[in-house]
Amino acid sequence: APPAAPPAAPPASLLFTADSITQALNPSQSPLEQMRREPQLMQLAQMARQNPALLSPLLLELQTSAPQLLQLVNNNQQAFQQFLNSPNPAASQPPPAPSASPPAPPLPAQAAPADTVQVSEQEMAAVMRLEQLGFPREAAYQAYMACDQNEQLAANLLFDSM
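Structure report, in brief.

The rules behind the values
Residues numbered from 1 in each chain as written. Predicted model: local features only at pLDDT ≥ 70, side-chain atom pairs only at ≥ 80, totals over all residues. Heavy atoms only, no water. Salt bridge = Lys/Arg side-chain N within 4 Å of Asp/Glu carboxyl O. Helix = DSSP H or I, 4+ residues; strand = E, 2+ residues; numbered from the N terminus. Buried < 20%, exposed > 50% of the residue type's maximum accessible area, 1.4 Å probe, protein only. Core = buried A, V, L, I, M, F, W, Y, C linked by side-chain atoms within 4.5 Å. Contact = heavy atoms within 4.5 Å.

Our next topic: the pattern of salt bridges. Under the criterion given, the structure shown has 2 salt bridges. The shortest N-O distance in the salt bridge between Glu151 and Arg129 comes to 2.8 Å. Of this pair, Glu151 sits in helix α9 (residues 151-160) while Arg129 is found in helix α7 (residues 121-132), placing the two residues 22 residues apart along the sequence. Owing to a relative accessible area of 25%, Glu151 belongs among the partly exposed residues under this scheme. Look at Arg129 and you get partly exposed, because its relative accessible area is 40%. A salt bridge links Arg137 to Glu131, with the shortest nitrogen-to-oxygen separation between them at 3.1 Å. Take Glu131: its relative accessible area is 24%, and that puts it in the partly exposed class.

Here it is as structure tokens:
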């Protein structure tokens, strides 16, 4: 008897992914709501709002770090545009109830901003080298982090965004 042929692969439309199963189980959840629940997409949106030139490299990075999120973005581009253009979703939540305590006194001028980031000596050296190329420190840092701490890619990104 001739050997049996291997079973054919199911058509792509019949393959089940974690995303398709989650969507089937939670049909009431819109793609926009899904995006707002993803910390990685929230961070991407925040960085893209600060520097729109970072959007493309950030999406490329998403392809390797979280392909399911990139698929969500690609399958729902209109919702993604709305997500990017909306104010910080945390700001759309109702404000906390006013407290009876008096407002806090203003911080002294020399206090560090609340959004400071701790960086290693190696990261700081790389950011400083990018600064020496003529870029502002914040832009150099954002590009360096967006490029997964690849100094060469960060420099290319910075020069391409000029």
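With that settled, consider the nonpolar core. Side chains of nonpolar character tend, in soluble globular proteins, to be buried together. In terms of nonpolar packing, the biggest core is built from 33 residues, with Met35, Leu41, Leu62, Phe80, Phe83, Leu130 and Leu158 touching the most fellow members. Sorting the residues of this core by element identifies α2 (31-36), α3 (39-50), α4 (55-65), α5 (67-75), α6 (77-85), α7, α8 (137-146) and α9 as the ones contributing at least two each. Discounting chain neighbours no more than four positions away, the residues touching Leu62 are Gln40, Leu41, Leu44, Pro67, Leu69 and Leu70.

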